[in-house]
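# A closer look at the structure
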Amino acid sequence: DTEVTQTPKHLVMGMTNKKSLKCEQHMGHRAMYWYKQKAKKPPELMFVYSYEKLSINESVPSRFSPECPNSSLLNLHLHALQPEDSALYLCASSQDDAGTSGNTIYFGEGSWLTVV
Amino acid sequence: AQSVTQLGSHVSVSEGALVLLRCNYSSSVPPYLFWYVQYPNQGLQLLLKYTSAATLVKGINGFEAEFKKSETSFHLTKPSAHMSDAAEYFCAVSGATGNQFYFGTGTSLTVIP
């Protein structure tokens, strides 16, 4: 069983809505990630938080806004999304940050987002 | 720079047959290599990880992978396929700065009864 918990599992939102995806891990990991995955494609990195600070933003549109309230929680705030943003959004965590190579990344089950 | 290439986007095997999923890597530093599995409508689950401790790595569910530096390969195998192995498999390499993972394009495994 994954130790990275994501809610909600499914979300349908209109293009003018504001919603949030939530992620929680209790493994003591200090790096947390948001990935976007389209069907039959590999995950695409969106954001990385390291020690609660944003360390990587892969040129993601501002309609996606990440937030890391503490070392266990990671949110992704959604506003004015487009239908092409419909995808599986995966949260993940790893033990360490950019200073150490080879850390295993552990994924949550994902949140299925549909924008209508 | 690090990258992985998965040969074959779709692989079909009969139940009980050998599973072989191919992954070749490119890395300017000694690589950390991973295989993940994604079952339908689920997240990614770690199958196994290569860390240079041993070239033959055993993972969960009877899978194993062998690191071959001379061939820059890290192919995933399982002696006998089970119906429950049907899934998407991703090879990945860790970048020099741990937070970066580079995924292959994935291989969809179908198991024929």
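Before reading further, recall that the structure is shown in the block above.
Residues numbered from 1 in each chain as written. Chains lettered and ligands numbered in written order. Predicted model: local features only at pLDDT ≥ 70, side-chain atom pairs only at ≥ 80, totals over all residues. Heavy atoms only, no water.

### A look at the interface of chain B and chain A
When the parts of a complex come together, some accessible area is lost, and that lost area is often taken as the interface size. Keep this limit in mind: Any two residues having at least one pair of non-hydrogen atoms within 4.5 Å are treated as being in contact. A 1.4 Å probe defines the accessible area here, and the buried area is the portion of it lost by two parts on being joined, summed over both. Any carboxyl oxygen of Asp or Glu that lies within 4 Å of a side-chain nitrogen of Lys or Arg is treated as forming a salt bridge with it. Polar contact criterion, stated in full: a pair of N or O atoms within 3.5 Å, where within protein one must be able to donate a hydrogen and the other to accept it, and residues adjacent in sequence count only if both atoms are side-chain atoms.
Each side of the interface is counted separately: chain B has 24 residues, and chain A has 30 residues. Between chain B and chain A the total buried area reaches about 1900 Å² when both faces are included, carbon and sulfur atoms providing 52% of it. Of the charged contacts in the structure, one is a salt bridge between Glu88 of chain B and Lys40 of chain A, with a shortest N-O distance of 4.0 Å. Where chain B touches chain A, the interface holds four residue pairs in polar contact (both at pLDDT 80 or more).

### So, the sheet that holds strand β7 (residues 64-70) of chain A
Residues and elements named next belong to chain A. In plain terms, the rule: Pairs of strands are assigned from DSSP output, requiring at least two bridges between the strands. Here a strand is any run of E in DSSP of at least two residues, a helix any run of H or I of at least four, and the numbering for each starts at the N terminus. Between N-to-C directions, angles cover 0 to 180 degrees, with each direction set by a line fitted to C-alpha atoms, over the stretch in contact for helices.
Spatially, β1-β3-β8-β7 is the arrangement adopted by the four strands of the open sheet, whose pairing is antiparallel. The open sheet has two edge strands with one neighbour each: β1 (4-7) and β7. Here the average twist between neighbouring strands, direction ignored, is 20°. In this sheet, strand β3 (residues 18-25) lies alongside β1 in antiparallel orientation, the contact comprising four bridges. Within the sheet, the bridge partner assigned to Thr7 lies in β3 and is Lys22.

### Description of the environment of Gly102 of chain A
Residue and element names in this part refer to chain A. Selection criterion: Under the scheme applied here, a residue whose accessible area is under 20% of the maximum for its type counts as buried, over 50% as exposed, and between as partly exposed, the area being computed with a 1.4 Å probe on protein chains only.
Following the sequence through the fold, Gly102 ends up in the loop between β9 (87-94) and β10 (106-107). Classification of Gly102 by relative accessible area gives buried; the value is 5%. The spatial distance from the C-alpha of Gly102 to the C-alpha of Gly28 is 17 Å, given a sequence separation of 74 residues.

### Here we look at the pattern of salt bridges
In total, this model carries five salt bridges over all chains according to the counting rule given. Here Arg63 of chain A makes a salt bridge to Asp85 of chain A, at a shortest N to O gap of 2.7 Å. Residue Arg63 of chain A is found in the loop between β6 (53-57) and β7, and its partner Asp85 of chain A is found in the loop between β8 (73-79) and β9; the two are separated by 22 residues along the sequence. The partner of Lys78 of chain B in a salt bridge is Asp85 of chain B, with the nearest N and O atoms 2.9 Å apart.

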